[in-house]
Amino acid sequence: MPVPSRRLPPGGWVALLWSIAVFWALRGYSGLPGLPSVMSPRPAWCWAVVAAAAMTGLGASTQVRRRPLTALYLLVVSALALLLAVGPPGLAAHPDQMLGLFLLAADLVLARVVMTRRAWAWGAALLPVLASLPAAALLRVVFRQPFPGDDVGVAIDGTLWLAYVVLPALVAGLLGYTVRQAGEYARRLREQAADQAVVAERLRISRELHDHVAHSVGVIALQAGAAARVMDTQPDRAREAMLAIEATSRDTLAGLRRMLGGLRHAAEAPLRPAPGLADLDHLVAAAAAAGVAVDLTVSGERRDLAADVELSAYRIIQESLTNVLRHAHAETCRIAVDYRPGELAIDVVDDGRGGDPATGGFGLTGLRERVALLDGTLTAGARRGGGFRVAARLPVGT
């Protein structure tokens, strides 16, 4: 069972910062000891605006992941409305300082926009943040709410604007851009690793095919030499040798037709005889020794298959058992191999914790590449009732 993440989502951080800002703006009305308590009473409609603005800000925090630009504009507008409804007499600090506290939540959304949206959205997100303080000063003049010490007219303190608006916005933007660059770099690394896994699997296939073809050509050469020596004296033996050459040639050509399109490079590493379905007992014994009860069932009429099909079937079961042993933490595993007319069906099912095949490493990527070269199909994924299932269908000659 996957462990739930304990990280607070971006919307949760926005809601937390917004709630702190709302409390700090209204702390004089909280009645808590040690806080300012001589505050100007506000009419009922002002408190209605405050409540609406506070709830709108919390609602905006739920849209950070899907609609960050909308959430940012709602936060800025709600902050201006709340501060205007409370008014300078109801605040224990300068309205511009309080606005800077509210803008911390908007700055977090700004970082989210830079992380996840295109460049044009960055300016659209930065505009309301930078314009919030001039807008607040203008609204105080329009609604005749000067703060003690303000000059007549629209007064904007450049130092406060830089300290509480510009610098936090720039820091948020730079952090968002840094995270964006790191994510793109990680994505490129994953793509390169996936490409390398495909190339490595193709090289392994080419090594195995090289072994198969070299063996087949050697057999053909021996049979042809034997046929040439006895053609005049023992025509029956020569005919048997020619039939063996024909069978071996057909098998080799079939394997070449299925795989040649996917092979690009030669390999020079030492080679071993390719395993096949006859070697499954060794895999089952190894898994049992590791503590997993494996039930192997073979149905249908067993027959000799092409070497590349045998090898691919073996690799599919081997990789599935490897995932069971390393990642699934399963107790039992069922392997079914069904010899059907025209195809070989393989099903590997375990009772482990399942998982996402898109994030399970490169083993499944290699299997898909191998199966595709044989014109087969492979599906892998978590089961609804728990566990993981790998199913492959490989076409074979009848």
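Just so you know, these numbers come straight off a predicted model, no measurement behind them.

Draft legend 1. Structural context of the sheet that holds strand S3 (residues 343-350). Ordered in space as S1-S2-S3-S5-S4, the five strands form an open sheet in which the pairing is mixed. Edge positions in the sheet fall to strand S1 (293-300) and strand S4 (377-382), since each of these pairs with one other strand and no more. With strand direction ignored, the average angle separating the axes of adjacent strands in the sheet is 10°. Pairing analysis gives eight bridges linking S1 to strand S2 (residues 332-340), with the strands arranged parallel. The residue of S2 that forms the bridge with Gly 300 is Tyr 339.

Draft legend 2. Focus on the pairing of S4. Of the strand pairs in this sheet, S4 and strand S5 (residues 388-395) are connected by six bridges, and their pairing is antiparallel. For Thr 379, the partnering residue across the bridge sits in S5 and is Ala 391.

Draft legend 3. Highlighting the packing of aromatic side chains. Applying the stated criterion across every chain, the model contains two aromatic pairs. Taking the centre distance of 5.1 Å and the plane angle of 70° together, the rings of Trp 18 and Phe 102 count as edge-to-face. Taken together, the positions of Trp 18 in helix H1 (residues 10-25) and Phe 102 in helix H4 (residues 95-116) put the pair 84 residues apart, joining distant regions of the chain. Taking the relative accessible area as the measure of exposure, Trp 18 reaches 1% and is therefore buried. Classification of Phe 102 as buried rests on a relative accessible area of 1%. Relative to Tyr 177, the ring of Trp 122 lies with its centre 5.9 Å away and its plane at 80°, an arrangement referred to as edge-to-face. Here Trp 122, found in helix H5 (residues 119-142), pairs with Tyr 177, found in helix H6 (residues 158-230); they are 55 residues apart in sequence, far enough to count as distant. By relative accessible area, Trp 122 is classed as partly exposed at 25%. You can call Tyr 177 partly exposed: its relative accessible area is 38%.

Draft legend 4. Inspection of the environment of Val 76 at higher detail. Along the chain, Val 76 turns up in helix H3 (residues 68-86). Val 76 sits 23 residues away from Leu 99 along the chain, and the two C-alpha atoms are 9.0 Å apart. Setting aside residues no more than four positions away along its own chain, Val 76 makes contact with Leu 103, Ala 106, Pro 128 and Ser 132.

Draft legend 5. Structural detail: the side chain of Ser 320. Of note, Ser 320 is situated in helix H9 (residues 307-328). Owing to a relative accessible area of 4%, Ser 320 belongs among the buried residues under this scheme. With sequence-adjacent residues up to four places away left out, Ser 320 is seen in contact with Val 348 and Val 390.

Draft legend 6. Representation of the packing of H3 against H4 within the structure. Their axes nearest at 9 Å, the elements H3 and H4 cross at an angle of 175°. Classified by the interaxial angle, the pair formed by H3 and H4 is roughly antiparallel. Residue-level contacts link Pro 68, Leu 69, Ala 71, Leu 72, Leu 75, Val 76, Ala 79, Leu 80, Leu 82 and Leu 83 of H3 to Pro 95, Met 98, Leu 99, Phe 102, Leu 103, Ala 105, Ala 106, Val 109, Leu 110, Arg 112 and Val 113 of H4. Considering only residue class, the contact of H3 with H4 consists of 20 nonpolar, no polar and one charged.

Draft legend 7. Expanded view of unusual backbone geometry. Positioned with a positive phi, Asp 375 is a non-glycine residue whose angle comes to about 60°. Looking at the secondary structure, you find Asp 375 in the loop between helix H10 (363-373) and S4. Judged by relative accessible area, Asp 375 falls into the exposed class, the value being 62%.

Draft legend 8. Geometry of H5. The first and last C-alpha atoms of H5 sit 35 Å apart over 24 residues, in line with the 34 Å expected at 1.5 Å per residue. If you check which residues of H5 are buried, you get Ala 121, Ala 125, Pro 128, Val 129, Ser 132, Leu 133, Ala 136, Ala 137 and Arg 140. Within two residues after H5, Arg 144 carries a phi angle of roughly 55°, on the positive side.

Draft legend 9. Layout of empty space enclosed by the protein. Summed over all chains, the structure comprises one cavity of 30 Å³ or more. Of the voids in this model, the largest cavity is the one considered here, and its volume is about 110 Å³. Lining the largest cavity are eleven residues, with Leu 80, Leu 83, Leu 84, Ala 136 and Arg 140 positioned closest to its centre. Only H3 and H5 provide two or more residues apiece to the lining of the largest cavity.

Draft legend 10. Molecular detail of the packing of H1 against H4. Running from N to C, H1 and H4 cross one another at 175°; their axes reach a closest spacing of 8 Å. By the angle between their axes, H1 is roughly antiparallel relative to H4. Mapping the contact onto sequence places Pro 10, Trp 13, Val 14, Leu 17, Trp 18, Ala 21, Val 22, Trp 24 and Ala 25 in H1 and Met 98, Leu 101, Phe 102, Leu 104, Ala 105, Leu 108, Val 109 and Arg 112 in H4. Across the contact of H1 with H4, the residue classes break down as 16 nonpolar, no polar and one charged.

Thresholds, definitions, all that
Residues numbered from 1 in each chain as written. Predicted model: local features only at pLDDT ≥ 70, side-chain atom pairs only at ≥ 80, totals over all residues. Heavy atoms only, no water. Pairing = 2+ DSSP bridges. Helix = DSSP H or I, 4+ residues; strand = E, 2+ residues; numbered from the N terminus. Axes fitted to C-alpha atoms, helices over the stretch in contact; angles between N-to-C directions. Phe/Tyr/Trp six-rings, centres within 6.5 Å; stacked < 30°, edge-to-face > 60°. Buried < 20%, exposed > 50% of the residue type's maximum accessible area, 1.4 Å probe, protein only. Contact = heavy atoms within 4.5 Å. Parallel < 35°, antiparallel > 145°, perpendicular 65-115°, else oblique. Nonpolar A, V, L, I, M, F, W, Y, C, P; charged D, E, K, R; others polar. Expected span 1.5 Å × (residues − 1). 1 Å grid on protein atoms, 1.4 Å probe; cavity = no way out; pocket = protein on both sides within 12 Å on 5 of 7 lines; lining within 4 Å. Points joined across faces, edges and corners; volume = space filled by probe spheres on them.

Shape is all these values report; function is a separate question.
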